[in-house]
Amino acid sequence: MIIKRSITKEDIRDLPKAAFPGKIDVIHTEQEAQKAVDYLKSCKVVGIDSETRPSFTKGQINKVGLLQISSDEICFLFRLNHTGLIQPIIDLLEDPELLKVGLSLHDDFKMLHKRASFTPEGCVELQHYVDQFGISDKSLQKIYGILFGEKISKTQRLSNWEADVLTDKQKVYAATDAWACLQIYNRLEELKASGDYQLEPASVALTATQEVHSGTP
């Protein structure tokens, strides 16, 4: 596999859309959360992400409304605006044996700390992890596009994550983000183990960037 160093917005725009293919389980109660955590702790690695209802009022910052944690088969959507950041979820975040993979985890955890205190353990930050493969892009959408040739839609990003009922589009969007983090990690681990990859020559990446800026077709 040839790994690109970066990918342009124009290139991403033409890619087919990626979507989480598994089961999505929305968690509203502490009992449901405990069952979900018991399952997730049986996994070796999970993907993690969060969503916050956007604020259009200056100075107002909302708390995290949704925490998504995904295995390959199931993504759990923890509705924190209903449950708060309860102990079963904290136990999972602090579990050093369960590898939790995400992007911009520092920002996610900073926001989650507004709900409760915890010390995250067993975490992999993709923005740092991709450095060893020569990938310079740091957004989830671009990293996924480079590795899988598909784009992650961002159309639901600014939707209401505290709505009484999440729409199907919101659920798929949220699940896809967490699942994509896991898929990126798994793909890179496979490539590292096999050694079956090469980094795109710097001259090729530079030429592609120059063509975009110059408008060359």
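Structure's up top.
In this convention, every chain numbers its residues from 1, walking through the sequence in written order. Where totals are concerned, whole chains, interfaces and linings use all residues; where local detail is concerned, this predicted model gives features only for residues with pLDDT of at least 70, and gives and counts side-chain atom pairs only at 80 or more. Only hydrogens and water are set aside; all other atoms, that is, all heavy atoms of the structure, feed into the side-chain values.

A. Highlighting the overall build of the protein. Looking only at helices and strands, one finds nine helices and eight strands in the protein. Radius of gyration: over C-alpha atoms. The globule rule applied is 2.2 Å multiplied by the number of residues raised to the 0.38 power. Over its C-alpha atoms the protein spans a radius of gyration of 18 Å, differing by no more than 12% from the 17 Å that the globule rule assigns to 217 residues. Over its C-alpha atoms, taken along the principal directions, the protein stretches across nearly 55 × 40 × 30 Å. Contacts spanning at least 24 positions in sequence make up 71% of the contacts within the protein whose residues lie at least 6 apart. To measure how exposed things are, a 1.4 Å probe is used in the Shrake-Rupley method; for residues, cover is taken only from the protein chains shown. Taken as a whole, the protein presents about 11100 Å² of accessible surface, with 50% of it coming from carbon and sulfur. Each helix is a run of H or I in the DSSP string that is no shorter than four residues. Each strand is a run of E no shorter than two, and both are numbered from the N terminus. Contacts are residue-level and defined by heavy atoms, with any inter-residue pair within 4.5 Å sufficient.

B. Representation of the pairing of strand 3 (residues 45-52). Under the scheme applied here, a residue whose accessible area is under 20% of the maximum for its type counts as buried, over 50% as exposed, and between as partly exposed, the area being computed with a 1.4 Å probe on protein chains only. The buried count for strand 3 comes to six of eight residues, which makes it a mostly enclosed element. When DSSP finds two or more bridges between two strands, those strands count as paired. Looking at chain direction, strand 3 and strand 6 (residues 99-102) are connected through three bridges and run parallel. Paired with Val-46 across the strands is Lys-100, a residue of strand 6. Both strand 3 and strand 4 (residues 64-70) contribute to a ladder of six bridges, which runs antiparallel. Bridge pairing links Ile-48 to Ile-69 in strand 4.

C. Inspection of the sheet that holds strand 7 (residues 123-125) at higher detail. Pairing in this open sheet of six strands is mixed, and the strands run 2-5-4-3-6-7 from one edge to the other. What marks the edges here is a single partner per strand, and that holds for strand 2 (23-27) and strand 7. Strand-to-strand twist across the sheet, computed as the mean angle between neighbouring axes with direction ignored, equals 25 degrees. As paired elements, strand 2 and strand 5 (residues 74-79) share five bridges and run parallel to each other. Opposite Val-26, over in strand 5, you have Leu-77 as the bridge partner. Here the axes come from fitting lines to C-alpha atoms, over the contacting stretch only for helices, and the angles between their N-to-C directions go from 0 to 180 degrees. Relative to strand 5, helix 2 (residues 30-40) is tilted by about 145 degrees, and along the sheet it contacts strand 2, strand 3, strand 4 and strand 5. Across the face of the sheet, helix 8 (residues 168-194) comes into contact with strand 2, strand 3, strand 4, strand 5, strand 6 and strand 7 while running at roughly 145 degrees to strand 3.

D. Spatial organisation of unusual backbone geometry. Positive phi outside glycine occurs at Ser-104, with the angle close to 60 degrees. Tracing the sequence through the fold places Ser-104 in the loop between strand 6 and helix 5 (105-112). On the accessibility criterion, Ser-104 (22% relative accessible area) is partly exposed.

E. Helix 2, seen in detail. Burial in helix 2 covers these residues: Ala-33, Ala-36, Val-37 and Leu-40. Across the axial projection of helix 2, the buried residues extend over an arc of 100 degrees, all falling on one side. Exposed and facing more than 90 degrees away from the buried side of helix 2 are Gln-31 and Lys-35. Tucked into the core, helix 2 has its buried residues touching strand 2, strand 3, strand 4, strand 5 and helix 4 (87-93). The directions considered for the arc run from the helix axis to the C-beta atoms.

F. View of the pattern of salt bridges. When a carboxyl oxygen of Asp or Glu is within 4 Å of a side-chain nitrogen of Lys or Arg, the pair counts as a salt bridge. Within the structure shown, the criterion is met by four salt bridges. Note that Lys-154 and Asp-177 form a salt bridge whose closest N and O atoms lie 3.3 Å from each other. Remark: Asp-177 occurs in helix 8 and Lys-154 occurs in the loop between helix 7 (140-148) and helix 8; sequence separation between them is 23 residues. The partly exposed category is assigned to Lys-154, whose relative accessible area is 31%. When the shortest N-O distance is used, the salt bridge between Lys-192 and Glu-189 registers 3.1 Å. One end of the pair is Lys-192 and the other is Glu-189, both in helix 8 and three residues apart, which spans about a single turn. Residue class for Lys-192 comes out partly exposed when judged on its relative accessible area of 40%. Glu-189 sits in the partly exposed class, given a relative accessible area of 27%.

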